[in-house]
Amino acid sequence: MQNRDLNILNKFNILYLEDDENLLKHTHDVLIDFVNEIYAVKTSKEALEVLRNKKIDVIISDILLKDENGIDFLKYLKEDKNINIPTILTTAYTDTKYLLDAIKLKVENYIVKPINIKELLTTLHDILLPIVQEKELRRNNCVIKTISAITDSKQVEVIKYIINNLDNNNTFTASYSDIMNKINISKPTLIKLFKELAEKHILVKIQHKTYRFNENALDNI
């Protein structure tokens, strides 16, 4: 894991499918210290329920489950549900006959049991790093495009602050006072900025102190 920043994992959610209850609990208890959330389940039915209700960034699945097959589950997700989420398969040495199917499914990686936690964390990092970099690039582009509509230097600081604090749904939550505590800007200037961003449909107010950053509006700048 040399030179790998595992802190990037803390914004991502993991779905872990494993029918061995002891292994499920052990791996969950380790990973929860590194990731945002890990949903540990024993059946594909439970896994589907998680996928319906939660945002999942990576799936970790055993190949041979009780009365079912992890590869069949992934095929179902990709072919029937059109769900394409990066996947790591865990496998016993005796499961190697399934690895060709895993390759056909373009599974990102597979890990031989017993699971080596360092190897698992390294694999998660290498899968998620390009996603982090893509988000960073998109965020920088958003800053540049938004700044092109604003000239005041203090307002530029506020824009950077807003974009750097967006959640996974491009939502920003803060009061004027919260922003002013972080940035030395007057309230009238801040109100003017929010009004300009609202008029350009860049920042859409959802409720009190909560706004959605509309990237699509930047195409019109």
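All of these numbers come straight from a predicted model, not from anything done at the bench. (Residues numbered from 1 in each chain as written. Predicted model: local features only at pLDDT ≥ 70, side-chain atom pairs only at ≥ 80, totals over all residues. Heavy atoms only, no water.)

A. Representation of the overall build of the protein chain within the structure. The secondary structure content of the protein chain amounts to 8 helices and 10 strands. With the C-alpha coordinates aligned to their principal axes, the bounding extent of the protein chain is approximately 65 × 35 × 30 Å. Looking at the protein chain as a whole, 42% of its 221 residues are labelled buried. Summed over all atoms, the accessible surface of the protein chain reaches about 12,800 Å², with 47% contributed by carbon and sulfur. Of the side-chain charges in the protein chain, 31 are positive and 32 negative, and the distance between the mean point of each set is 7 Å. (Helix = DSSP H or I, 4+ residues; strand = E, 2+ residues; numbered from the N terminus. Buried < 20%, exposed > 50% of the residue type's maximum accessible area, 1.4 Å probe, protein only. Areas by Shrake-Rupley, 256 points an atom, 1.4 Å probe, with all protein chains shown as cover. Lys, Arg positive; Asp, Glu negative; His and termini not counted. Charge placed at Lys NZ, Arg CZ, Asp CG, Glu CD.)

B. How the structure looks around the UniProt feature "modified residue: 4-aspartylphosphate" (unreviewed entry) in the protein chain. According to UniProt, the feature "modified residue: 4-aspartylphosphate" (unreviewed entry) maps to Asp-62 in the numbering used here. Tracing the chain through its elements places Asp-62 in strand β3 (residues 58-62). If we skip the residues at most four places from it in the chain, Asp-62 touches Leu-17, Glu-18, Asp-19, Gly-70, Thr-90, Thr-91 and Lys-113. (UniProt positions renumbered as here; feature names shortened; annotations may be inferred. Contact = heavy atoms within 4.5 Å.)

C. Representation of empty space enclosed by the protein in the model. Inspection of every chain in the model, using the stated rule, returns 1 cavity of 30 Å³ or more. Considering only enclosed or pocket space, the largest cavity measures out at about 40 Å³ in volume. Ile-59, Leu-74, Leu-77, Lys-78, Ile-83, Asn-84, Ile-85 and Thr-87 are the residues that line the largest cavity. For the lining of the largest cavity, the element with the highest residue contribution is helix α3 (residues 70-80), accounting for 3 residues. Among the residues forming the lining of the largest cavity, the class breakdown is 5 nonpolar, 2 polar and 1 charged. (1 Å grid on protein atoms, 1.4 Å probe; cavity = no way out; pocket = protein on both sides within 12 Å on 5 of 7 lines; lining within 4 Å. Points joined across faces, edges and corners; volume = space filled by probe spheres on them. Nonpolar A, V, L, I, M, F, W, Y, C, P; charged D, E, K, R; others polar.)

D. Layout of unusual backbone geometry. Put simply, Lys-113 and Pro-114 share a cis peptide bond, and its omega is 0°. Assignment of secondary structure puts Pro-114 in the loop between β7 (109-112) and α5 (117-147). Within the chain, Asp-67 stands out as a residue other than glycine whose phi angle is a positive 65°. Within the secondary structure layout, Asp-67 lies in the loop between β4 (64-65) and β5 (68-69). Within the chain, His-201 stands out as a residue other than glycine whose phi angle is a positive 60°. Secondary-structure assignment places His-201 in the loop between α8 (187-199) and β9 (203-207).

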